Amino acid sequence: MTSTASTPPVAPAVGGVQTVRRLITYALLAATVFIAASGLSGLLDRLFTLDRLEVSFDSYGLATSLASALVAGPLAGLLWWLIWRDATMARDRASVLWPVYLVIVSTVSLLVFTIALLSWLADTIRYGWTSSGLAIGIVWALVWVWHYWMWQHPRKAPTRLQGAAPALASLIGLTYGAGGLVAALSILIDTAADSAAGIAVLSDPLWQVVAQPIVWAVGGVLLWRWHWLRVGVRTQTFGFSTVLLVFITGVASIGVFALGLTITLSTILELVTGVQGPLATRLDPLGAAIAGAVVGALVFVYHLRIVGGRSAGVRAATSLATA
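All of these numbers come straight from a predicted model, not from anything done at the bench.

Trainee: Kindly report on the overall build of the protein, identifying the contributing residues and their values.
Mentor: Of the regular secondary structure elements, the protein holds 12 helices and zero strands. For the protein, the proportion of its 323 residues judged to be buried stands at 41%. Contacts spanning at least 24 positions in sequence make up 81% of the contacts within the protein whose residues lie at least 6 apart. Looking at the protein as shown, the accessible area adds up to about 17200 Å², and 72% of this sits on carbon and sulfur atoms.

Shown next, in the form of structure tokens:
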């Protein structure tokens with residue numbers, strides 16, 4: 001008789017007092033993680049800016065950062081150890097509160113670290129080296145990596161809401177990428193239109209002004225591509241991922257395209273019919289409108305192909321949302 005190794009079944013989540021225990025523990029863990037990360041980022045920022053005079057005399061800020069890191073940090077580690085134990089996690093994997101905690105903390109940390117790092121890089125390109133935002137980005141990136149590891153753990157990952165966190169991360173990346181591309185195209189179009197109309201152009205070098213939104217576009221595309229293709233959000237059929245696909249295709253992208261097209265046609269008609277007003281004011285919305293229409297159309301066409309390979313229900317829901 002041949003014996004085959006099998007994965008131990010996941011214990012069902014127990015309600016009652018266990019639900020209260022999970023709610024309190026996960027809420028405390030999230031709070032202590034946020035406080036500890038805030039304290040550590042404050043300490044790291046002081047390390048990067050030791051030569052600043054205002055930092056040297058900021059005793060209150062130093063005390064706050066130290067207290068947050070030294071008190072909340074060990075407490076977060078203790079709570080995490082209590083949760084991560086095999087006996088506890090065997091019961092919690094099937095609970096909805098475990099993935100909800102991971103979704104909230106991983107999404108918040110992803111937003112904080114990407115906004116901080118991309119803002120820091122964009123400002124550095126235009127204004128020169130600055131450490132503002134770098135410490136926040138590093139610390140919160142570590143928090144996100146930690147929770148991403150827990151989400152992907154083969155034995156302790158949640159068994160419910162499996163596609164929620166990656167789907168939200170891909171949406172955040174898509175938003176950064178599309179928004180950065182719209183901003184960059186808008187600057188280029190506005191600069192060309194202002195030059196043709198004899199209006200004063202930007203005082204700063206054009207490449208620096210355009211490079212700032214390009215940083216957001218590239219960072220967003222990398223974040224989106226990782227989750228969309230590498231993690232597999234593109235092929236997920238979970239309810240959350242499907243709803244997100246319908247929203248992007250049938251609401252967000254087509255909405256941006258329609259709004260941009262409407263404003264573009266309105267602006268052109270105002271110029272053709274000779275509506276009174278300063279030329280610069282009438283040309284002001286043209287760049288953002290054209291860029292929004294172009295990027296919205298690209299996002300819509302790409303996701304429409306994905307929708308075409310899904311079930312009849314998903315296609316019908318997308319058509320209804322678009323209508």
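Trainee: Any chance you could break down helix H3 (residues 59–84) for me, citing the residues and the numbers?
Mentor: Here H3 is 26 residues long and its end C-alpha atoms lie 37 Å apart, about the 38 Å a rise of 1.5 Å per residue gives. Its maximal kink placed at Ala 72, H3 deviates by approximately 25°, while the proline Pro 74 follows within four residues. Among the residues of H3, those classed as buried are Gly 61, Ser 65, Ser 68, Ala 69, Ala 72, Ala 76, Leu 79, Ile 83 and Trp 84.

Trainee: Give me the environment of Ala 289: which residues, what numbers.
Mentor: Examined against the element boundaries, Ala 289 turns out to sit in helix H11 (residues 286–308). When its relative accessible area of 4% is taken as the criterion, Ala 289 is described as buried. Sequence separation of Ala 289 and Phe 257 is 32 residues, and the distance between their C-alpha atoms is 8.7 Å. Every residue in contact with Ala 289, bar those within four places of it in the chain, is listed here: Gly 260, Ile 263 and Thr 264.

Trainee: I'd like to hear about the nonpolar core, residue by residue, with values.
Mentor: Core analysis: the largest hydrophobic core is formed by 33 residues, its most contacted members being Leu 29, Val 33, Trp 98, Tyr 101 and Leu 110. If you list the elements that add at least two residues to this core, you get helix H1 (17–48), H3, helix H5 (97–127), helix H6 (134–152), helix H7 (164–197) and helix H8 (206–230). Top contributing element to this core by residue count: H5, with nine residues. Apart from residues no more than four positions distant in its own chain, Leu 110 is found in contact with Trp 144, Ala 169, Ile 172 and Leu 223.

Trainee: Could you give an account of the pattern of salt bridges, with specific residues and numbers?
Mentor: A full pass over the atoms with the stated rule returns two salt bridges. As a salt-bridge pair, Arg 21 and Asp 92 come within 2.9 Å of each other at their nearest N and O atoms. Taken together, the positions of Arg 21 in helix H1 and Asp 92 in helix H4 (residues 86–92) put the pair 71 residues apart, joining distant regions of the chain. Overall, Arg 21 belongs to the partly exposed group, its relative accessible area being 23%. What makes Asp 92 buried here is its relative accessible area of 0%. Between Asp 92 and Arg 22 there is a salt bridge; the shortest N-O distance is 2.7 Å. Note that Asp 92 is positioned in helix H4 and Arg 22 in helix H1, a separation of 70 residues in sequence. Using a relative accessible area of 1% as the deciding quantity, one classes Arg 22 as buried. Through salt bridges with shared partners, one network takes in Arg 21, Arg 22 and Asp 92.

Trainee: If you had to explain the packing of aromatic side chains to someone new, which residues and values would you point to?
Mentor: Scanning the entire structure with this criterion turns up 14 aromatic pairs. On the numbers, 5.7 Å between centres and 40° between planes, the contact of Phe 113 with Trp 144 is tilted. Within this pair, whereas Phe 113 is found in helix H5, its partner Trp 144 is found in helix H6, the two being separated by 31 residues in sequence. Summarising the burial analysis for this pair, Phe 113 and Trp 144 share the class buried.

Trainee: Which residues make up the confidence of the model for the protein, and what are the values?
Mentor: Of all residues in the protein, 89% have pLDDT values of 70 or greater, and the mean over the chain is 86. Taken together, the stretch residues 1–8 has pLDDT below 50 and engages in zero contacts with residues farther than four places along the chain or on a different chain.

Trainee: Quick rundown of H5? Include the residues and the values.
Mentor: Residues lying three or four places apart along an α-helix face the same way, a consequence of the helix completing one turn every 3.6 residues. With 31 residues, H5 should reach 45 Å at 1.5 Å per residue; the first-to-last C-alpha distance of 44 Å fits that figure. Backbone geometry just downstream of H5 places Gly 128 in the positive-phi region, at approximately 95°.

Trainee: Any details on the packing of H1 against H5? Residues and values, ideally.
Mentor: As a packed pair, H1 and H5 sit with axes 10 Å apart at the nearest point and diverge in direction by 15°. Accordingly, the angle class assigned to the pair H1 and H5 is roughly parallel. When the axes of H1 and H5 are compared, the crossing they make is right-handed. On H5, the residues touching Thr 19, Arg 22, Leu 23, Tyr 26, Leu 29, Ala 30, Val 33 and Phe 34 of H1 are Leu 97, Trp 98, Tyr 101, Val 105 and Val 108. Partitioned by chemical class, the residues of the contact of H1 with H5 number 11 nonpolar, one polar and one charged.

Trainee: Break down the side chain of Arg 310 for me, with residues and values.
Mentor: You can see Arg 310 is positioned in the loop between H11 and helix H12 (312–322). Although buried, Arg 310 forms no salt bridge, and the nearest oppositely charged side chain, Asp 92, lies 30 Å from it. When near neighbours in sequence (up to four residues on either side) are disregarded, Arg 310 contacts Val 233, Arg 234, Thr 235, Gln 236, Thr 242, Leu 245 and Arg 315.

Cut-offs used in this document
- In every chain, residue numbers begin from 1 and rise along the written sequence.
- Two thresholds apply to this predicted model, a pLDDT of at least 70 for residue-level local features and 80 or more for giving and counting side-chain atom pairs, whereas whole-chain, interface and lining totals are computed over all residues.
- Note that water and hydrogens are dropped before the side-chain values are worked out from all heavy atoms of the structure.
- The helix and strand labels rest on DSSP assignments: H or I over at least four residues marks a helix, E over at least two residues marks a strand, and numbering proceeds from the N terminus.
- Each residue gets one of three labels from its accessible area relative to the maximum for its type: buried under 20%, exposed over 50%, partly exposed in between, using a 1.4 Å probe on protein chains only.
- Note on contacts: a residue pair qualifies if any of its non-hydrogen atoms lie within 4.5 Å across the two residues.
- Where accessible areas are quoted, they stem from the Shrake-Rupley method and a 1.4 Å probe; at the residue level, only the protein chains shown are allowed to cover.
- What a helix should span is 1.5 Å times the count of its residues minus one.
- In this analysis the local bend is the angle between axes fitted, respectively, to the seven residues ending at and the seven residues starting at the residue.
- In plain words, nonpolar cores are sets of buried Ala, Val, Leu, Ile, Met, Phe, Trp, Tyr and Cys residues tied together by side-chain atoms within 4.5 Å.
- When a carboxyl oxygen of Asp or Glu is within 4 Å of a side-chain nitrogen of Lys or Arg, the pair counts as a salt bridge.
- Centre distance within 6.5 Å is the pairing criterion for rings of Phe, Tyr and Trp, where only the six-membered ring of Trp is used; planes under 30 degrees apart are then read as stacked, over 60 as edge-to-face, and the remainder as tilted.
- Known as pLDDT, the predictor's confidence for each residue is given on a scale from 0 to 100.
- For every element, the axis is a line fit to its C-alpha atoms; helices are fit only across the contacting stretch, and the angle between N-to-C directions ranges from 0 to 180 degrees.
- Note on terminology: angles under 35 degrees are roughly parallel, angles over 145 are roughly antiparallel, angles of 65 to 115 are roughly perpendicular, and the others are oblique.
- For a crossing to be left-handed, the near helix must be turned anticlockwise from the far one by less than a right angle; the clockwise case is right-handed.
- Note on residue classes: Ala, Val, Leu, Ile, Met, Phe, Trp, Tyr, Cys and Pro are nonpolar, Asp, Glu, Lys and Arg are charged, and everything else, Gly too, is polar.
- The charge count treats Lys and Arg as positive and Asp and Glu as negative. His and the chain ends do not count.

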